[in-house]
Amino acid sequence: MTALAPHLATFLQTHLLHERRASPHTCEAYADSFRLLLCFAAARLRTTPSRLAIEQLDPPLLLAFLEHIEEARGNSARTRNARLAAIHSFFRFLEYRVPSCLDQARRVRAIPMKKADEALVSHLTRAEMQALLDAPNPRQVAGIRDRAMLHLAFAAGLRVSELVSLRLDQIDRQMVASIHVMGKGRRERILPLWKETTAALKAWLAVRPASGDAELFLNATGRAMTRSGFEYILAKHVATAAQKLPSIADKRVTPHVLRHTCAMHTLQATRDVRKVSLWLGHASLQSTEIYLRADPTEKLEALAAMAPPSLRPGRFRAPDKLLAMLKSIG
């Protein structure tokens, strides 16, 4: 039997962090996946996590674990697949280091991902987004900071990890006209900023404490803003915006919804999914296609292209009017 502990420690502490250069969030997610797996396996096998062997993590036990997190913990298929991805990655790591476990690794990696429902992305309309941007109190330092965070999260389409890890040296400090973002998969991109976003950032930089962490956005103690901190701030301002525009209360507004909102508005403005993909920092166009499914104007344009010549835009104006109406309320 091959002890699991030393190989798992090397995988989490050395392979992911230094060899794969995975982000801290990925390392944390993988560690959490194995914490759940080891607790489950130790209870099932009546041992302690430190005594587990690699051979004991066989496909039947792993399938039982995946079923457990869905039924007992109420996890979704997407969460199940994320846990399985961590397990697959670990056994790929073992293939080159523990030859005796090669066949076991092959069988574990054959465990398939579970099909998940692909719901349409949720996003805010222009009026709802404006109500949210207007929610922070501009007469308070915290309100100035919150307004800048909301503007940047929306206008730049940042992931929450990109937003809270953004440092002062990643901003054009003279003009505050662009930001340099290190995104998912260590893909870098430079994004120009809208005038409104630039004004909001300049207002925050004028009152930002000189001392504290190097990150752009700080909490009340001068430390870098955290993911949970931004989620709390967002929820607070969503509640305020809902008083002005009740339709927001019917939506679950998360930090990623702001990113979706940026993508939808960019798609409606440019009609070019490639520009949306570049703006968001996607690895491929396949990741951006979810916005095409959520945008009704794409379907209307396709119908107009397939219509007989006598009904195409130019003679029959209804499609153009529908497009204009949808853009105005988008």
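Residues numbered from 1 in each chain as written. Predicted model: local features only at pLDDT ≥ 70, side-chain atom pairs only at ≥ 80, totals over all residues. Heavy atoms only, no water.

**Quick look at unusual backbone geometry**
Here is the rule we go by: Where helices and strands are cited, they refer to DSSP runs of H or I of at least four residues and of E of at least two residues respectively, numbered from the N terminus. Burial classification: accessible surface area is computed with a 1.4 Å probe over protein chains only, and a residue below 20% of its type maximum counts as buried, one above 50% as exposed, and the rest as partly exposed.
Positive phi, normally seen in glycine, also occurs at R21, with a value near 55°. Assignment of secondary structure puts R21 in the loop between α1 (5-19) and α2 (24-45). With phi around 50°, V176 is a residue other than glycine that occupies positive phi space. Of note, V176 is situated in the loop between α8 (160-165) and β1 (178-182). Owing to a relative accessible area of 2%, V176 belongs among the buried residues under this scheme.

**Things to note about the pattern of salt bridges**
Threshold: Criterion for a salt bridge: a side-chain nitrogen of Lys or Arg within 4 Å of a carboxyl oxygen of Asp or Glu.
Tallied over the entire structure, the rule returns 17 salt bridges. For the salt bridge of D32 with R35, the shortest nitrogen-to-oxygen distance reads 2.7 Å. Taken together, the residues span about one helical turn, with D32 and R35 both in helix α2 at a distance of 3 residues. Since its relative accessible area comes to 44%, R35 is described here as partly exposed. Note that D134 and R147 form a salt bridge whose closest N and O atoms lie 3.6 Å from each other. Separated by 13 residues along the polypeptide, D134 in the loop between α6 (126-133) and α7 (141-155) and R147 in helix α7 bring together distant segments of the chain. On the accessibility criterion, R147 (27% relative accessible area) is partly exposed.

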